[in-house]
Amino acid sequence: MRLSSFIRSSIDRILTEWDEFARSNAPTEHGMSDLALRDHAREMLLNIAADIETSQSPEEQELKSHGLGVDVDPCSAARIHGTLRHRHDFTLLQLSAEFRALRATVLKLWLAQVDVMTATTVTEVVRFNEAIDQALAESIVSYAEGAAQARELFLAVLGHDLRAPLATVALSGEMLARSELDAKHVPELAQRIQRSARLMKSMVEDLLGYTRTQLGKGLPITHNWCDISEVLDGAIADATSTHPGTRFELQTTGE
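Each value, and the rule that gives it
- Residues numbered from 1 in each chain as written.
- Predicted model: local features only at pLDDT ≥ 70, side-chain atom pairs only at ≥ 80, totals over all residues.
- Heavy atoms only, no water.
- Helix = DSSP H or I, 4+ residues; strand = E, 2+ residues; numbered from the N terminus.
- Rg over C-alpha atoms; globule rule 2.2 N^0.38 Å.
- Buried < 20%, exposed > 50% of the residue type's maximum accessible area, 1.4 Å probe, protein only.
- Contact = heavy atoms within 4.5 Å.
- Areas by Shrake-Rupley, 256 points an atom, 1.4 Å probe, with all protein chains shown as cover.
- Lys, Arg positive; Asp, Glu negative; His and termini not counted.
- Charge placed at Lys NZ, Arg CZ, Asp CG, Glu CD.
- Axes fitted to C-alpha atoms, helices over the stretch in contact; angles between N-to-C directions.
- Parallel < 35°, antiparallel > 145°, perpendicular 65-115°, else oblique.
- Left-handed = near helix turned anticlockwise from the far one by under 90°.
- Nonpolar A, V, L, I, M, F, W, Y, C, P; charged D, E, K, R; others polar.
- Phe/Tyr/Trp six-rings, centres within 6.5 Å; stacked < 30°, edge-to-face > 60°.
- Lys NZ or Arg CZ within 6 Å of the ring centre and 35° of its normal.
- Salt bridge = Lys/Arg side-chain N within 4 Å of Asp/Glu carboxyl O.
- Core = buried A, V, L, I, M, F, W, Y, C linked by side-chain atoms within 4.5 Å.
- Patch = residues over 30% accessible without salt bridge, like charges linked within 9 Å, V, L, I, M, F, W, Y side chains within 5 Å.
- pLDDT = per-residue confidence, 0-100.

### As for the overall build of the chain
- The secondary structure content of the chain amounts to 10 helices and 0 strands.
- Taken from the N to the C terminus, the helices and strands of the chain come in the order α-α-α-α-α-α-α-α-α-α.
- At 28 Å, the chain has a C-alpha radius of gyration far larger than the 18 Å of a compact globule built from 255 residues.
- Considered along the principal axes of its C-alpha atoms, the chain spans approximately 95 × 40 × 30 Å.
- Expressed as a percentage of its 255 residues, the buried residues of the chain come to 32%.
- Excluding contacts between residues fewer than 6 apart, the proportion of contacts in the chain whose partners are at least 24 apart in sequence is 77%.
- If you sum the accessible surface of the chain, you get close to 16000 Å²; carbon and sulfur atoms cover 57% of it.
- Distance from the positive charge centre (25 side chains) to the negative charge centre (37 side chains) of the chain: 3 Å.

### Some details on the packing of helix 4 (residues 41-53) against helix 8 (residues 119-176)
- Here helix 4 crosses helix 8 at 135°, and the two axes come no closer than 9 Å. Judged on the interaxial angle alone, helix 8 and helix 4 are oblique. Remark: the crossing between helix 4 and helix 8 carries right-handed chirality. Across from Ile48, Asp51 and Ile52 in helix 4, the residues of helix 8 making contact are Arg127, Phe128, Ala131 and Ile132.
- A breakdown of the residues in the contact of helix 4 with helix 8 according to their chemical character gives 5 nonpolar, no polar and 2 charged.

### Topic: the packing of aromatic side chains
- Under the definition given, this model contains 0 aromatic pairs.
- The lysine or arginine in question, arginine 85, covers the ring of phenylalanine 90, its NZ or CZ lying 4.5 Å from the ring centre.

### Points about the environment of alanine 77
- Its place among the elements puts alanine 77 in helix 6 (residues 77-87).
- Residues alanine 77 and aspartate 39, spaced 38 residues apart in sequence, show a C-alpha to C-alpha distance of 8.9 Å.
- Those residues in contact with alanine 77, other than ones at most four positions away along the chain, are His40, Glu43, Met44 and Asn47.

### A short note on the pattern of salt bridges
- Applying the stated criterion to the full structure yields 14 salt bridges.
- Residues aspartate 133 and arginine 103 are paired through a salt bridge, measuring 2.8 Å at the closest nitrogen-oxygen approach. Note that aspartate 133 is positioned in helix 8 and arginine 103 in helix 7 (residues 92-111), a separation of 30 residues in sequence.
- Residue classification places aspartate 133 among the partly exposed positions, given a relative accessible area of 39%.
- For the salt bridge of glutamate 249 with arginine 247, the shortest nitrogen-to-oxygen distance reads 2.8 Å. Here glutamate 249 and arginine 247 have matching classes, each one exposed.
- Three or more residues joined by partner-sharing salt bridges are found here, namely Asp51, Arg127 and Glu130.

### Concerning the nonpolar core
- Residues Leu3, Ile7, Leu45, Val106 and Phe128 are the most contacted members of the largest nonpolar core, which totals 35 residues.
- Secondary structure elements with two or more residues in this core: helix 1 (3-9), helix 2 (11-25), helix 4, helix 6, helix 7 and helix 8.
- Apart from the residues within four sequence positions on either side, leucine 3 is in contact with Ile52, Val106, Trp110, Glu124 and Phe128.

### Notes on the environment of arginine 103
- A relative accessible area of 21% places arginine 103 in the partly exposed class.
- Distance in space between the C-alpha atoms of arginine 103 and isoleucine 132 is 6.9 Å, their sequence separation being 29 residues.

### Describing a negative patch on the surface
- On the surface, Asp227, Glu230, Asp233 and Glu255 cluster together into a patch of negative charge.
- Positionally, glutamate 255 belongs in the segment after helix 10 (228-242).

### Quick notes on the confidence of the model for the chain
- Within the chain, residue pLDDT values average 85, and 90% of them lie at 70 or more.
- The secondary structure element of the chain with the lowest average pLDDT is helix 5 (residues 58-65), at 71, and the one with the highest is helix 1, at 94.

### Section: a nonpolar patch on the surface
- A cluster of nonpolar side chains, namely Leu111, Met117, Val122 and Val126, defines an oily patch on the protein surface of about 330 Å² accessible area.
- Structurally, methionine 117 is set in the loop between helix 7 and helix 8.
- We classify methionine 117 as exposed; its relative accessible area is 53%.

Printed below as a string of structure tokens:
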């Protein structure tokens, strides 16, 4: 049986092994459903089978080996797979391991029922490896694009969020330096500086966490209960320090 036909006829068996590996390979506490873990594996396998059957000249094969001469669909199953794996905090190593396991699974199952190794068999193995490598390359490209976007967004948010506490510290420092400052305002200014310092310390810790993970695993996010009115009061205090001539009002009801 040709490899492409074997992939189509045995796709459920192949996907069962994919599911088992995906569970063992996924990030700890990923919280993904079986459907999310399988992702676009079926579509990728069918695309690989179709690629094996597509005629290819020696020149086209050489170009393909150099990553050239291949029209890549921006919405291909492999590209979407790479994007989704990045969103679910897979590392690049974990993403690559999935394709390595898929390659090994298909060849193991197919070669077990091949009696004689012929030139055709070798050619199909070569074509299969080319197709797997192409799918992996597409996934890595989309994964890298997602990582770059996340990095740019993170740094933009960090730069934006640092401005308010920095302005608060700077303006509070200016007010403390004034000789005519009433002593009764000193504790309030000190509280503003302390709150801004805590905010900046938290952001620096996030930045260090980002540096350690390089967005491979992603930044840890912990949800906690809090009093929203206290958060808003702090935001208004920072905004008042930055824009002393502006009046802010806050109205809250309930918890």
